[in-house]
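# Observations on the model geometry
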Amino acid sequence: MTTGAGSRDTDGLKGAREHRVRTGGVELCVAELGDPSRPTVVLVHGYPDSKEVWTEVARRLVDDGDFHVVLYDVRGHGGSTAPKPLRGGFTLEKLTDDFVAVIDAVSPDGPVHVVGHDWGSVQSWEFVTVQRTEGRIASFTSISGPSLDHFGHWIKKRVARPTPRRVGQLLGQGAKSWYVYLLHTPALPELAWRGPLGKRWPKILERVERVPAGDYPTSSLPRDAAHGAWLYRDNVRARLRRPRADAYAHAPVQLIMASGDVFLSERLYDDLGLWVPRLVRRTLPARHWVPRTRPDQVAAWVSEFVTANEGGAAPREHMATGKYADRFGGQLVLVTGAAGGIGRATAFAFAEAGARVVAVDRDAEGAARTAELARLIGAPDAWGETVDVSDEQAMEKLAEKVTREYGVVDVLVNNAGIGLSGPFLDSSTADWKEVLDVNLWGVIHGCRLFGRQMAERGQGGHIVNMASAAAFQPSRALPAYGTSKAAVLMLSECLRAELAGQDIGVSAICPGIVNTGITSTARFTGVDAEEEKRRRKRSSRLYGLRNYPPEKVADAVLRAVAENRAVVPVTPEARGARLLSRFAPKALRAIARLEPPL
Amino acid sequence: MTARGTTELPAGLRGFRDVQALAYACAETVAAQLRPGVTEREAARMQRLWLRERGVRDWFHLPFAWFGDRTAFVDFRVPLQFFPTNRALEPGMPFILDMAPVHRGFTADIGYSGCLGLNPVHDKLLADLEAHRELILREVRERRPLREIYEDVDRLMVRQGYANRHRAYPFGVVAHKVDRVKERRLSPHFLGFGARSLKGLASDVLHGHRDGWSPLWSPHKFFDHPPRQGLWAVEPHLGFRGTGAKFEEILVVTDSKDPEESAFWLDDDLPHVRRWAEERTAA
């Protein structure tokens, strides 16, 4: 029953085998991509969408994951016909009938992996919690769409015992659901969608949701959206009033939560562990339409989850246990200066969170060692690269190699830095050049090369620049170092403003006095070699006595990325200096005159 | 890295070697009996009973057992935290058994690291301890000051990517002297340490202080002198993100001019040394 290819907007689904499946009085438009002998992944779209919302993700799942990908238009949407009458034609029971008919047609023998977004996820929750699909679903990835039953229980629990916090959660989600109330009004939504709203919707998506323009949404949008209003009217009130008590998932579930979603509160999923025995959580710093705005990350997580759950309920062999595993799992993180100190600790912290790590350093052995240990503690993969960050050409080569072999960097940590201490009048231009080349130009090269790649990919990212408490605490002992770090701080702030529109965050970390190797390699100007050696030893000893561990700075780096913080002072002295720089700069100037006890 | 054959050892050293071998046998036996659910207290008791049955009456210190992230002394602030707790062993957990029995007047102090099932991080730590054993022996033979050796061990740990966890021991020692103890009918102990051994150590501290040396091996200025002859229980302890590993065994330092004779490990037939040799032949 295959119709001619390209009958409707299928440009984005080139090479798809489109056919129609008849079920319960409607005809569903089903598209298949990839080798049918491979694991089948069924993508279910939401509201107001059609299967074309998945084009970017589907292409990656076929090309990179080599999966058999199946998409279908939900009844009343896209190329599928609408039930008659509309009222009562969109209940979850009927949608489940449709789903079963589709998987009967595309994968009669093996179970399928389901991925749902928005209302596609809402209905997939029904698929994965009802008896009749048991054994037919191998895994389910839920994106921005809760189970109505779980939602109903969530509300009941909060209404039954309303603590202030619970009331706050109820009101918060209640406000985010404004459109649900509107969709329950008769006729009005249909009029709006078929009229002005339908016309303006692509622009609204682009501006508010930052969905890239292109062949999506399709021309069927007004009709899809008008029909889809019945998804809400047929199900929401009924299910929220009488949620099923047995809505337990019979397959492993991966929950991808968009932390910037304006329609869904993160709190909705707090109790999910009660309903899903095998749950993996993921967090994406993005808005609602992640299949359009973050296709790389969505496809990567779906691929990983499908592969892990292929062949029955095989337990996941390796799951990172770090605090931010939901946020950084599988992401590509590049850290410079990763052979020791804060850089190494940061690489390890990301590795524990399940990120893939590129450890860059001048010291080849140290970088390789960091990569080796990173693999042991949770990084699915890690590489050591030997590069001097101040060498522009070497950095360009690195950027090219990383993109070619490992992919686009999701998080860049410009950490490499060197110390230089001594009076300004005793510092040569060569001294200055050395410090600025590493501390400032290294950061500039990193931001320029990898930041551009992030911007070109257009799927967000984060840059962390290691500044210093010396960026706002002047000192007679650190003119060159402080200058370089102040420049890094300002660069980070400017870049943050520039890249904010592209969802690329920029953070500056100001650690303070941390027990690392920087003191043992620092240079001291204006003194002879013997005295320099003595001062190195002495400062190392003082830093050792202070003994603030680099691991705590690494934690601050991960937190800064997860929360997209702008400037993060870490040690108490760094926090204090920052506070003083705002309210009592004179005090800082007085401190700056003190001779350090070296 | 040579220990000398049994025949060469003077009678005194043989006594020390025997009790060290006994202690390691105890560690291996107890380690083989550890199952999920066994607590640190139970493991410590198992060591104590096993050694008591074999004639141990006095202790330099009572047996310790650390499980999980306690092997890396995570969040240790007061010395009481070293004592065994009710933490139960779980699959994949690293553990360390540390005991110092006195047998027929000879003291041993050993540390045994293992893990229940697979733990690649622990395996790596244990493998990387070999470099420390070689480094310490080499530099002691070169008669480098204790403080410098301590710092070199520290640097090697940092280069390896690990944290120095012997720093958490009392006085931050990487080693301490052990000696003969007179056997008496009563063997009281105080906070886990045998009273007679403590007395010996204290009198060494007192006398050593007058002559500018100490039976403890710490990173402080006072230790800027070459190792004093005698028997040193050396215990480098590595930590890496909640996993710790150590070995502890006796290093003999003599006044011989021959470098080979001037310092040597009392015994090379120990579990960790055998393990490294096996890994080398496997590779």
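The structure presented is a predicted model; accordingly, all values stated were derived computationally and were not measured.

Parameters and conventions
Residues numbered from 1 in each chain as written. Chains lettered and ligands numbered in written order. Predicted model: local features only at pLDDT ≥ 70, side-chain atom pairs only at ≥ 80, totals over all residues. Heavy atoms only, no water. UniProt positions renumbered as here; feature names shortened; annotations may be inferred. Helix = DSSP H or I, 4+ residues; strand = E, 2+ residues; numbered from the N terminus. Contact = heavy atoms within 4.5 Å. Buried area = accessible area lost by both parts, 1.4 Å probe. Salt bridge = Lys/Arg side-chain N within 4 Å of Asp/Glu carboxyl O. Polar contact = N/O pair within 3.5 Å; in protein donor to acceptor, adjacent residues only side chain to side chain. Buried < 20%, exposed > 50% of the residue type's maximum accessible area, 1.4 Å probe, protein only. Phe/Tyr/Trp six-rings, centres within 6.5 Å; stacked < 30°, edge-to-face > 60°. Lys NZ or Arg CZ within 6 Å of the ring centre and 35° of its normal. Patch = residues over 30% accessible without salt bridge, like charges linked within 9 Å, V, L, I, M, F, W, Y side chains within 5 Å. Areas by Shrake-Rupley, 256 points an atom, 1.4 Å probe, with all protein chains shown as cover. Lys, Arg positive; Asp, Glu negative; His and termini not counted. Charge placed at Lys NZ, Arg CZ, Asp CG, Glu CD. Pairing = 2+ DSSP bridges. Axes fitted to C-alpha atoms, helices over the stretch in contact; angles between N-to-C directions.

## Quick notes on the UniProt feature "domain: Ketoreductase" (unreviewed entry) in chain A
- The positions UniProt marks with the feature "domain: Ketoreductase" (unreviewed entry) are residues 331-512 of chain A.
- Along residues 331-512 of chain A the backbone is 49% helical and 19% strand, and the end-to-end C-alpha distance reaches 28 Å.

## Examining the interface of chain A and chain B
- Counting from both sides, the interface comprises 13 residues of chain A and, opposite them, 12 residues of chain B.
- For the chain A and chain B pair, buried surface summed over both sides reaches about 1100 Å², with 50% attributable to carbon and sulfur atoms.
- Contact with chain B buries area across many residues of chain A, yet Arg-369, Leu-373 and Leu-376 of chain A alone supply 40% of it, more than any other trio.
- Here Glu-372 of chain A makes a salt bridge to Lys-124 of chain B, at a shortest N to O gap of 2.7 Å.
- For the interface between chain A and chain B, the tally reads 7 residue pairs in polar contact (both at pLDDT 80 or more).
- Counting only elements with at least two residues in the side of chain A that touches chain B, the list comes to α14 (341-352) and α15 (364-376) of chain A.

## Some remarks on the pattern of salt bridges
Residues and elements named next belong to chain A.
- Evaluated as defined, the whole model comprises 68 salt bridges over all chains.
- In this structure, the salt-bridge partner of Arg-457 is Asp-410, at a minimum N-O distance of 2.9 Å. With Arg-457 in helix α17 (residues 429-457) and Asp-410 in the loop between α16 (392-405) and β12 (411-414), the pair connects residues that are 47 residues apart, well separated along the chain. This pair shows no difference in class: Arg-457 is buried, exactly as Asp-410 is.
- A single network of salt bridges, built from pairs that share partners, joins Glu-93, Glu-126, Asp-149, Arg-239, Arg-244 and Asp-246.

## Quick look at the packing of aromatic side chains
- Throughout the structure, instances matching the rule amount to 33 aromatic pairs over all chains.
- Between Phe-82 of chain B and Tyr-169 of chain B, the aromatic rings sit 6.2 Å apart at their centres with planes inclined by 25°, giving stacked as the arrangement. Residue Phe-82 of chain B is located in the loop between β1 (58-67) and β2 (94-103), and its partner Tyr-169 of chain B is located in the loop between β5 (163-164) and β6 (175-178); the two are separated by 87 residues in the primary sequence.
- The exposure class of Tyr-169 of chain B is buried, given its relative accessible area of 7%.
- Of the aromatic side chains, those joined through ring pairs into one cluster are Tyr-47, Trp-119, Trp-178, Tyr-179, Trp-193, Trp-201, Tyr-232, Phe-263 and Trp-289 of chain A.
- When the ring centre of Trp-230 of chain A is taken as reference, the NZ or CZ atom of Arg-233 of chain A above it lies at 4.8 Å.
- Above the ring of Trp-50 of chain B, the side-chain terminus of Arg-54 of chain B is found at 3.8 Å from the ring centroid.

## Looking at the UniProt feature "domain: Peptidase M24" (unreviewed entry) in chain B
- The positions that UniProt labels "domain: Peptidase M24" (unreviewed entry) are, in the present scheme, residues 16-255 of chain B.
- With 36% helix and 24% strand, the stretch residues 16-255 of chain B has end C-alpha atoms that lie 19 Å from each other.

## Overview of a nonpolar patch on the surface
- On the surface, a cluster of nonpolar side chains totalling about 440 Å² of accessible area is made up of Val-78, Leu-80, Phe-190 and Leu-191 of chain B.
- For Leu-191 of chain B, the position within the fold is in the loop between β7 (189-190) and β8 (193-194).

## With respect to a positive patch on the surface
- There is a patch of like positive charges on the surface, built from Arg-87, Lys-156, Arg-237, Arg-241 and Arg-242 of chain A.
- Along the chain, Arg-242 of chain A turns up in the loop between α9 (221-241) and β7 (253-258).

## A few points about the sheet that holds strand β15 (residues 504-510) of chain A
Residues and elements named next belong to chain A.
- Pairing is parallel across the open sheet formed by 7 strands, whose spatial order is β11-β10-β9-β12-β14-β15-β17. Pairing within the sheet leaves two strands with one partner each, and these edge strands are β11 (382-386) and β17 (567-569). Within the sheet, the average angular offset between the axes of one strand and its neighbour, ignoring direction, is 15°.
- Bridge count for β12 against strand β14 (residues 461-466) is 4 bridges, and the pairing is parallel. Each bridged residue has a counterpart across the sheet, and for Val-413 the counterpart in β14 is Val-464.
- Across the sheet, α14 lies against β9 (332-336), β10 (356-361), β12 and β14, angled at about 170° from β9, the strand it touches most.
- Each of β9, β12, β14 and β15 is contacted by α17, which is oriented at about 175° to β12, the strand it contacts most.

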